[in-house]
Amino acid sequence: AKANPHRRTEFYRTELCEQAERQVALTKLLRKAVSRHQFRAYYQSKHAVDDGRLTGYEALIRWQLDDGVLVSPAQFIPVAEETGLIVEIGRWMLGEVCRQITEWRRLGYAFGRVSVNISGRQLTDPEFVTTVAEIIGRTGVDPSDLELEITESWLMVDPERSTEILQALRGMGFKLSIDDFGIAYSSMNYLKHFPVDIIKVDRSFVRDILTDRDSQAIVSAIIAMGHNLGREIVAEGVETRGQLDMLRSAGCDEAQGYLFSRPVPPEDVERARRMPLRQ
Ligand code: C2E
Ligand code: CA
Ligand code: CA
Ligand code: CA
């Protein structure tokens, strides 16, 4: 049968309406979740590429529904960013991670540095730096125990403004990283100016590093350039021994991914960390 363009438009219109309705329903649920703090922090370990020792964790948020089901951030962070709810969710998350760090310190666990994802929408909120200072003051966490991960795409929206905010955060003692590096439009010139300590190579390059010469060339170039600028390089999404070996020969500093561990609840971190770290 011949395609009917009108019917197709009709179809898309229905799709769009359903999508909008879902969005409204999701926003309502998310608002409720925010007021009830129905979120959890999971932790994924990071490791030195040369000998595999633990160097820290990345905290990743999950939305816990009433029945215990966990919703992945990919499903609600975009809506949270659009509605501005991310500001409050992000504040909860940073507070929770700081609470966890104090707890792990009290228990004497060696956990390295913990990184937290910061949405650009949070970063550009006029209250952000004050909020962060308040959380640090309240929990007594040493900012150098924390790393703030900000995606390259957000930094590039307003690079001058981003640089100022990053400078303020760095002045407070936080480690900073550029997340998902390599996929956004980015200017090498800005990279030089962003006051960050760490560059995180996006998973899409790591995934193809053994099969695609271009991905391999890009990863090698990012590592070389990053090192020349005095930055550390972390590769995300490392799933196989082969990928790790390739990253090691390219000189990558740290790696995280399913090869080492999936993101796990804090109880699982504690089980593993009761033993002191090998120095
Ligand atoms: P991201 O910051 O790039 O985090 C890495 C994502 O890759 C995580 O997904 C992690 O579970 C997943 N991952 C880690 N290792 C592997 C691997 O070896 N293979 C594969 N296939 N995946 C791996 P997750 O936890 O679903 O988070 C998705 C995204 O949601 C994050 O991407 C981040 O952009 C965002 N996000 C998570 N937590 C927060 C948060 O607290 N605040 C904000 N603003 N965004 C967050
Ligand atoms: Ca991240
Ligand atoms: Ca990332
Ligand atoms: Ca990513």
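Residues numbered from 1 in each chain as written. Chains lettered and ligands numbered in written order. Predicted model: local features only at pLDDT ≥ 70, side-chain atom pairs only at ≥ 80, totals over all residues. Heavy atoms only, no water.

### Examining the overall build of the protein
1) Next: From N to C terminus, the protein includes 12 helices and nine strands.
2) Next: Taking 279 residues into account, the globule formula puts the C-alpha radius of gyration at 19 Å, and the protein, at 20 Å, falls close to it.
3) Next: Over its C-alpha atoms, taken along the principal directions, the protein stretches across nearly 65 × 45 × 40 Å.
4) Next: When burial is assessed residue by residue, the protein has 46% of its 279 residues classed as buried.
5) Next: For the protein, long-range pairs separated by at least 24 residues make up 68% of all intrachain contacts whose partners lie at least 6 apart in sequence.
6) Next: Of the accessible surface of the protein, which amounts to about 14,700 Å², a share of 51% is contributed by carbon and sulfur atoms.
7) Next: Positive and negative side-chain charges of the protein, numbering 36 and 41 respectively, have mean locations separated by a distance of 3 Å. (Helix = DSSP H or I, 4+ residues; strand = E, 2+ residues; numbered from the N terminus. Rg over C-alpha atoms; globule rule 2.2 N^0.38 Å. Buried < 20%, exposed > 50% of the residue type's maximum accessible area, 1.4 Å probe, protein only. Contact = heavy atoms within 4.5 Å. Areas by Shrake-Rupley, 256 points an atom, 1.4 Å probe, with all protein chains shown as cover. Lys, Arg positive; Asp, Glu negative; His and termini not counted. Charge placed at Lys NZ, Arg CZ, Asp CG, Glu CD.)

### A short note on the site of ligand 1
1) Next: Taken together, the neighbourhood of ligand 1 is formed by 21 residues, with Gln 44, Arg 62, Arg 203, Glu 239 and Tyr 258 sitting nearest.
2) Next: Here an oxygen atom of ligand 1 and a side-chain polar atom of Glu 58 are 3.3 Å apart.
3) Next: In this structure, a nitrogen atom belonging to ligand 1 sits 3.1 Å away from a main-chain N or O atom of Ile 61.
4) Next: Compared with its free state, where it exposes 800 Å², ligand 1 has 83% of that area covered by protein.
5) Next: According to the grid-proximity analysis, the pocket containing ligand 1 is the largest pocket.
6) Next: The dominant element in the shell around ligand 1, judged by the number of residues it contributes, is strand E2 (residues 54–64), at four residues.
7) Next: Class assignment for the residues of the shell around ligand 1 results in nine nonpolar, five polar and seven charged. (Near = heavy atom within 4 Å. Polar contact = N/O pair within 3.5 Å; in protein donor to acceptor, adjacent residues only side chain to side chain. 1 Å grid on protein atoms, 1.4 Å probe; cavity = no way out; pocket = protein on both sides within 12 Å on 5 of 7 lines; lining within 4 Å. Sits in = over half its atoms within 2 Å of the grid points. Nonpolar A, V, L, I, M, F, W, Y, C, P; charged D, E, K, R; others polar.)

### Brief notes about the coordination of the calcium ion (ligand 3)
1) Next: In the first shell of the calcium ion (ligand 3), the protein supplies Asp 179 (OD), Asp 180 (OD), Glu 236 (OE) and Glu 236 (OE), at 2.1 to 2.7 Å from the metal.
2) Next: The sequence motif formed by the donor residues of the calcium ion (ligand 3) is D-D-x55-E.
3) Next: Between the calcium ion (ligand 3) and the calcium ion (ligand 2) the interatomic distance amounts to 3.6 Å, and Asp 179 serves as a bridging ligand to the pair. Of this pair, Asp 180 sits in strand E6 (residues 175–181) while Glu 236 is found in the loop between strand E8 (232–235) and helix H11 (241–249), placing the two residues 56 residues apart along the sequence.
4) Next: The class of Asp 180 is partly exposed, set by a relative accessible area of 23%.
5) Next: By relative accessible area, which is 11% here, Glu 236 ends up buried. (Donors = N, O, S within 2.8 Å, 3.2 Å for Na, K, Ca; no water.)

### Here's the deal with the packing of helix H3 (residues 86–107) against helix H5 (residues 128–139)
1) Next: At their nearest, the axes of H3 and H5 sit 10 Å apart, and the two run at 25 degrees to each other. Here H3 lies roughly parallel to H5, going by the angle between them. For the pair H3 and H5, the sense of crossing is right-handed. Mapping the contact onto sequence places Arg 91, Leu 94, Gly 95, Cys 98, Arg 99 and Thr 102 in H3 and Thr 131, Val 132, Ile 135, Ile 136 and Thr 139 in H5.
2) Next: Among the residues forming the contact of H3 with H5, the class breakdown is five nonpolar, four polar and two charged. (Axes fitted to C-alpha atoms, helices over the stretch in contact; angles between N-to-C directions. Parallel < 35°, antiparallel > 145°, perpendicular 65-115°, else oblique. Left-handed = near helix turned anticlockwise from the far one by under 90°.)

### Digging into empty space enclosed by the protein
1) Next: In total, this model carries two cavities of 30 Å³ or more according to the counting rule given.
2) Next: Of the voids in this model, the largest cavity is the one considered here, and its volume is about 70 Å³.
3) Next: Along its surface, the largest cavity is lined by Val 87, Gly 90, Arg 91, Leu 94, Gln 122, Asp 125, Phe 128, Thr 131 and Val 132.
4) Next: Elements represented by at least two residues in the lining of the largest cavity include exactly H3 and H5.
5) Next: The biggest single contributor to the lining of the largest cavity is H3, with four residues.
6) Next: Across the lining of the largest cavity, the residue classes tally to four nonpolar, three polar and two charged.
7) Next: By volume, the second largest cavity is sized at about 40 Å³.
8) Next: Along the walls of the second largest cavity sit Gly 120, Leu 123, Thr 124, Trp 154, Val 157, Asp 158 and Ser 162, which together make up its complete lining. (Points joined across faces, edges and corners; volume = space filled by probe spheres on them.)

### Points about the pairing of E8
1) Next: Where strand E7 (residues 198–201) and E8 come together, four bridges link them in parallel fashion. Looking across to E8, one finds that Ile 198 is bridged to Glu 232.
2) Next: Strand direction decides the pairing type here: E8 and strand E9 (residues 254–255), joined by two bridges, are parallel. Considered in E9, the bridge of Val 234 is made with Glu 254.
3) Next: Once you follow E8 into H11 and on to E9, the crossover reads as right-handed. (Pairing = 2+ DSSP bridges. Right-handed = clockwise from strand over helix to strand, strands pointing away.)

Spatial relationships are all this shows, so hold off on functional conclusions.
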